[in-house]
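What follows is each chain in one-letter form.
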Amino acid sequence: MDCTNCTYDKKCRNAETCPATSFGRDEVIQKYGEESAIVQAAADLVDFGRAGTLSRLQETIAFAQKMNYKRIGLAYCYGMEKQVTQIVEILRESKLNVRAVSCTVGGIPQNEINPESAFCTVSCNPIGQARQLNNENVDLVVMIGLCLGHDILFQREVKADCTTLVVKDRVFNHAPLREITDSQKN
Ligand code: SF4
């Protein structure tokens, strides 16, 4: 399937199933029934004209409140600690219980995590970061600027529901779409 080169007149946009679809429609709808709390909380962020009125951080807070998540874990890149400190304050002002865990947690050197590394300075430790947040019994994890690959290891290990607030892009100031929009301007 390549929806960007659709040969079915974008039928799906008119709420019709196209022949390229290979999953069971009924089973999917049944699964949404099992996930109705998340479905409704997500809808509440955008329905009835609310779309575009909340920033992603405000959406994260509203979603956490709607889902009744009590304890929020932040898994963050140590390079963004200044901004994360402000995020912690904002979340706490919203009466959320916050646990913030830096990617450097555990203080494990790079050459212990990656035997091919020649460096003995501290490494990112996404598996330890996830296990720490698991031990802190957080209800929701918010990822902030984890490196590509580390984010995958983190998500494989973490037990709580997980969302991304900031995706790391060292070239485009953590806004990967800028690569596309900037090139379209030229
Ligand atoms: S109609 Fe099918 S192929 Fe076309 S965009 Fe929709 S899902 Fe993709």
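Residues numbered from 1 in each chain as written. Predicted model: local features only at pLDDT ≥ 70, side-chain atom pairs only at ≥ 80, totals over all residues.

Once that is clear, we can look at the pairing of strand β2 (residues 97-102). Alignment of strand β1 (residues 71-76) against β2, held across 6 bridges, turns out to be parallel. Residue pairing for β2: Ala 75 is matched across the bridge by Val 101. Crossover β1 to β2 through helix α4 (residues 81-93) is right-handed. (Pairing = 2+ DSSP bridges. Helix = DSSP H or I, 4+ residues; strand = E, 2+ residues; numbered from the N terminus. Right-handed = clockwise from strand over helix to strand, strands pointing away.)

Partitioning the protein chain into structural domains gives domain 1 (10-53) and domain 2 (55-185). Each partner contributes residues to the interface: domain 1 has 4 residues there, and domain 2 has 5 residues. (Domains from an automatic or database assignment. Contact = placed C-beta atoms within 7 Å.)

We now examine the environment of Ala 75. With respect to the secondary-structure elements, Ala 75 resides in strand β1. For the pair Ala 75 and Asp 151, spaced 76 residues apart in sequence, the C-alpha to C-alpha distance is 9.6 Å. Apart from the residues within four sequence positions on either side, Ala 75 is in contact with Val 101, Gln 129, Leu 133, Val 141, Met 143, Ile 144, Leu 146 and Phe 154.

Pairing within the open sheet is parallel, and its 4 strands lie in the order β2-β1-β3-β4. With one partner strand each, in any of the chains shown, β2 and β4 (161-166) form the two edges of the open sheet. Taking each pair of neighbouring strands and ignoring which way they run, the sheet shows an average axis angle of 25°. Bridge analysis of strand β3 (residues 140-144) against β4 gives 5 bridges, and the strand direction is parallel. Looking at the pairing, Leu 140 lines up with Asp 161 of β4. Each of β1, β3 and β4 is contacted by helix α3 (residues 56-66), which is oriented at about 160° to β4, the strand it contacts most. Where helix α6 (residues 126-135) meets the sheet, its contacts fall on β1, β2 and β3, and the angle it forms with β2 comes to roughly 160°. (Axes fitted to C-alpha atoms, helices over the stretch in contact; angles between N-to-C directions.)

This brings us to unusual backbone geometry. The backbone phi angle of Asn 68 is positive, close to 65°, even though this residue is not glycine. In this fold, Asn 68 is placed in the loop between α3 and β1. Of note, Lys 95 is a non-glycine position whose phi angle comes to about 70°, a positive value. Structurally, the position occupied by Lys 95 is in the loop between α4 and β2.

In this section: the nonpolar core. Ile 72, Leu 74, Ala 75, Val 141 and Ile 144 are the most contacted members of the largest nonpolar core, which totals 25 residues. Every element with two or more residues in this core is listed here: β1, α4, α6 and β3. For this core, the leading source of residues is β3, giving 5 residues. The contacts of Leu 74, once residues within four sequence positions are left out, are Val 84, Ile 87, Val 88, Val 98, Ala 100, Val 101, Val 142 and Ile 144. (Core = buried A, V, L, I, M, F, W, Y, C linked by C-beta atoms within 7 Å. Buried ≥ 20, exposed ≤ 12 C-beta atoms within 10 Å, placed from the backbone.)

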